[in-house]
Amino acid sequence: MSAATTSTSTTRPSARLGARLERHRGLLTAIIVFAVLLFAVDAISPGPLSYFDIAFLSSGGATLALAAVGQTLVILSGGFDLSAGAVISFVNAVLASNMDMADMEASVALWTAIGIAIGMAAGAFNGFFIAFLRLQPIVVTLSTMFILQGVTLLVMDKPGGFVSPSLGSFYLGDAIPNLLPMPLVVLGVVILFWLWLKSTRYGTALYAVGSDPEAARSAGVRVDLVKFATYTLAGGFYGLAGVFISAQTGSGDPLIGNSLLLSMFAAVVVGGTRLGGGRGGAVGTIFGAYILMIVVNILLVLNVSAYYSTVAESIILLLAVLAGSLSGHSVLARQVRGVATHLKAWRAGTLPRQIGGPDMRLDTTGATRAAKQANPTAPFWVRHGEGLKIALPAYVFLVAVIIVTQFTLGNTVLNWGYWNSIIVLSSFLAVLALGQGTVILTGGLDLSVPWTIGLSGILLAGFVQGADAPLVWALPAVLLIACLIGLMNGIGIVVLGLSPIVMTLATNGMIQGFALVYSGGTPSGFSSPLLRWFMTARLGGVVTPVVIFVVLFAIAAVVLLARTPFGRRVYAIGNSARAAELSGIAVGRTLIWVYVLSAFCAGLVGVMLTGFSGQASLGMGDDYLLPSIAVVVVGGALITGGRGHYIGMLGGVLLLTALQTLLAGSNLPYATRAILYGVVVLGAVIALRERRA
């Protein structure tokens, strides 16, 4: 008995130490990597790191670290926040446009409080819809991102403004001259705040909600209040990051925060926080932010083009997510075991197709035929009532917008020129709606759409150089490259088990880097005359050729989703991937094809945009991310997957295009379009939530 007791007493401390090390593995790894990179920086520098170097590095990574801490809180709760960069831009614009140039010694405390308050208000807006209306965080924060981008452009439509030097002197100066930079003090305060927050009841509830919200709710945790507080608090950190970046730049830029979104997720994951919630913390995130910053600086020191920075950040994000998820129960591990089992059975000759014998599958042809023949005399609206209920609202609102346009601008309803223009302008979203809509029907989201469009347009213009002859091989080549992008997304999601949001966001960053490297930051070349004719000419002076293409494309899209085995598999996966798998559907293979289809559609839109405008441009796809989601949701599809129809999506395309045309004719600012899209998507998601309930 005493021996057993002694053995237990000697093993327990080591077991506790092992468990503690495992719990903080991400943080410890981040600290080790950070230390190694510091040694690398010291090794490639002309001399030893000086105080100036330390101060420069500390200020360079502080904005990202502060913003990523806010993102960490959201991810710990099991959510995502795509509006973080827009909040930073908004705070920067507000400060730069409201500070008086005559006030060179503005109150640092006051303007810091204003920035934090603005961020918390934006976070509370997100938190209300996510926590109390239980909407998807991705859709809510994406809508908020576009709303804030529009509001920011109304506040400041171009870089400029003034930020008091007192802000820069405080945040970028020395807390102790030649000994302690102020950015490190700010981050030290943040770390102390986090350590205190972790020990509170809210901190315990945050981890509980992120680990299992239903179990937390059963244990008496107010999940809605915890999520609302989390998004509000995260917004405060974004606001502080906006104040800090304002101190760094001394002016305003309405787009300054956009480039930080990918870096935020990378810093969170590199710092050891698990996507999906429940594990990680802010301290590791701060180290993760500085790891990214040091990696970018090392690339610059080695004379690697700055265009590769987004590629490096994307690869780091994917590797960190993959490393953090590796275990015996990971998707990748299951895939490897499945392949090994299949090979073993094949060698043993025990695969079903090797054994032979009669087909033992259930014969459902008779039941399917009977279902089709049931009540054949019922009216059309009875037999297709569910589909009409989904698609009809978009067309009802379309009619309303057209009537308003007729009374406002005149010469609309009976003017074929108006309808031809509407269909031409709708052609881009009509194509994207099939790709993004199919992804959404499976319960996913494709955030790589913008730069798949951009890269495709840049490649096509560069290949054809304004001539028709190269179009024969250039068009298939560009679409093939787009399909390879989709294949990469699909493999990352299916084989590696990465989240669709993370995988497609990282892919978008990599494509952006490749597009910048290929074009040198300045795309060259022009569209071929034939493609230009296809997008802008008039056949017989009446109809643009692309209008005929849109009609044929819509018919093909309806058939693909409603009348083919592929379409049925897409709906089955969206309703329940596990049930679909148990039913014999090749879920992984279908998902890969879904993302290939989405990328193909995005590549086709890049080609069409190049033909429409005559040339390609950087960021030509940026304006199509939220609209591609908006038209799907407005068309009646559930953002969680499993329900929707391309006819409804097409109605959403026509509705948003007609609404955009109406606004363009009313001389409202361009920024209202982004605000409109965000509001429309939120409204549609809320309406669909009520209908679903």
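Basis of the calculations
Residues numbered from 1 in each chain as written. Predicted model: local features only at pLDDT ≥ 70, side-chain atom pairs only at ≥ 80, totals over all residues. Heavy atoms only, no water. Helix = DSSP H or I, 4+ residues; strand = E, 2+ residues; numbered from the N terminus. Areas by Shrake-Rupley, 256 points an atom, 1.4 Å probe, with all protein chains shown as cover. Expected span 1.5 Å × (residues − 1). Buried < 20%, exposed > 50% of the residue type's maximum accessible area, 1.4 Å probe, protein only. Salt bridge = Lys/Arg side-chain N within 4 Å of Asp/Glu carboxyl O. Contact = heavy atoms within 4.5 Å. Patch = residues over 30% accessible without salt bridge, like charges linked within 9 Å, V, L, I, M, F, W, Y side chains within 5 Å. Core = buried A, V, L, I, M, F, W, Y, C linked by side-chain atoms within 4.5 Å. Axes fitted to C-alpha atoms, helices over the stretch in contact; angles between N-to-C directions. Left-handed = near helix turned anticlockwise from the far one by under 90°. Nonpolar A, V, L, I, M, F, W, Y, C, P; charged D, E, K, R; others polar. Phe/Tyr/Trp six-rings, centres within 6.5 Å; stacked < 30°, edge-to-face > 60°. Disulfide = S-S within 2.5 Å.

Draft legend 1. Up close: the overall build of the protein chain. Helix and strand content of the protein chain: 31 helices and two strands. With an accessible surface of roughly 31,300 Å², the protein chain has 68% of that area assigned to carbon and sulfur atoms.

Draft legend 2. Layout of helix 11 (residues 223–249). Under the 1.5 Å per step criterion, the end-to-end length of helix 11 is 39 Å for 27 residues, consistent within 8% with the ideal 39 Å. Most of helix 11 sits inside the fold, with 19 of its 27 residues counted as buried.

Draft legend 3. A look at the pattern of salt bridges. The tally for this structure, following the rule as stated, stands at three salt bridges. A salt bridge links R222 to D224; its shortest N-O distance comes to 3.3 Å. Here R578 makes a salt bridge to E581, at a shortest N to O gap of 3.3 Å. Here R578 and its partner E581 are both found in helix 27 (residues 577–582), three residues apart, which amounts to about one turn of the helix.

Draft legend 4. Just the environment of G79, in detail. Residue position: G79 is located in the loop between helix 3 (51–76) and helix 4 (84–98). Separated by 197 residues in the primary sequence, G79 and G276 have C-alpha atoms spaced 6.9 Å apart. Once you skip the residues sitting within four places of it in the chain, G79 turns out to touch V74, P137 and Y231.

Draft legend 5. Quick look at a nonpolar patch on the surface. On the surface, L530, W533, L539, I548, V551, L552, I555 and V559 cluster together into a nonpolar patch covering about 710 Å² of accessible area. Looking at the nonpolar patch, the elements with two or more residues in it are helix 24 (529–536) and helix 25 (545–563). The biggest single contributor to the nonpolar patch is helix 25, with five residues.

Draft legend 6. Summary view of the nonpolar core. Counting residues in each nonpolar core, the largest one holds 195 residues, and the members touching the most others are L167, Y171, L317, I453 and Y646. Ranked by the residues each element gives to this core, the list is headed by helix 20 (residues 416–441), at 14 residues. Not counting residues up to four positions away in its chain, the partners in contact with L167 are L95, M99, V108, V243 and A247. By size, the runner-up hydrophobic cluster in this structure holds eight residues, among which are V494, L591, I592 and V596.

Draft legend 7. Structural view of the environment of Y624. Among the structural elements, Y624 can be located in the loop between helix 28 (587–613) and helix 29 (625–634). Between the C-alpha atom of Y624 and that of V449, which follows or precedes it by 175 residues, the distance is 7.7 Å. With residues near it in sequence (within four places) discarded, Y624 still touches F428, L429, L432, I453 and L609.

Draft legend 8. Structural detail: the packing of helix 22 (residues 471–494) against helix 28. Running from N to C, helix 22 and helix 28 point in directions that differ by 145°, and their axes come no closer than 7 Å. Helix 28 is crossed by helix 22, and the crossing has right-handed handedness. When its residues are assigned to classes, the contact of helix 22 with helix 28 shows 18 nonpolar, five polar and no charged.

Draft legend 9. Local environment of the environment of L184. Looking at the secondary structure, you find L184 in helix 8 (residues 182–199). As for L184 and S59, which are separated by 125 residues in sequence, their C-alpha atoms are 8.0 Å apart.

Draft legend 10. Seen up close, the packing of aromatic side chains. Scanning the model with the defined rule gives 18 aromatic pairs in all. Here the aromatic rings of W194 and Y207 are separated by 6.4 Å at their centres, their planes lie at 50°, and the arrangement is tilted. Here W194, found in helix 8, pairs with Y207, found in helix 9 (residues 201–211); they are 13 residues apart in sequence, far enough to count as distant. Residue W194 shares its accessibility class with Y207, and that shared class is buried. For the ring pair F549 and F553, a centre distance of 5.8 Å and an interplane angle of 40° mean the geometry is tilted.

Draft legend 11. Inspection of helix 12 (residues 260–270) at higher detail. Here helix 12 lies mainly inside the structure; eleven of its eleven residues are buried. Among the residues of helix 12, L260, L261, L262, S263, M264, F265, A266, A267, V268, V269 and V270 are the ones counted as buried. Where helix 12 ends, the next residue or the one after it, G272, has phi of about 100°, a positive value.

Draft legend 12. Main features of unusual backbone geometry. Despite not being glycine, N178 shows a phi value in the positive range, around 60°. As for its placement among the helices and strands, N178 is situated in the loop between strand 1 (174–176) and strand 2 (180–181). Phi angles above zero are rare outside glycine, and Q465 is one such case at about 50°. Mapped onto the fold, Q465 is located in the loop between helix 21 (449–464) and helix 22.

Draft legend 13. Summary view of the state of the cysteines. Enumeration over the complete set of coordinates arrives at zero disulfides. Cysteine C483 remains unbridged, with the sulfur of C601 as its closest cysteine sulfur at 9.1 Å. Exposure remark for C483: the relative accessible area of 21% places this residue in the partly exposed category. The buried category is assigned to C601, whose relative accessible area is 1%.

Nothing here speaks to function; it is all geometry.
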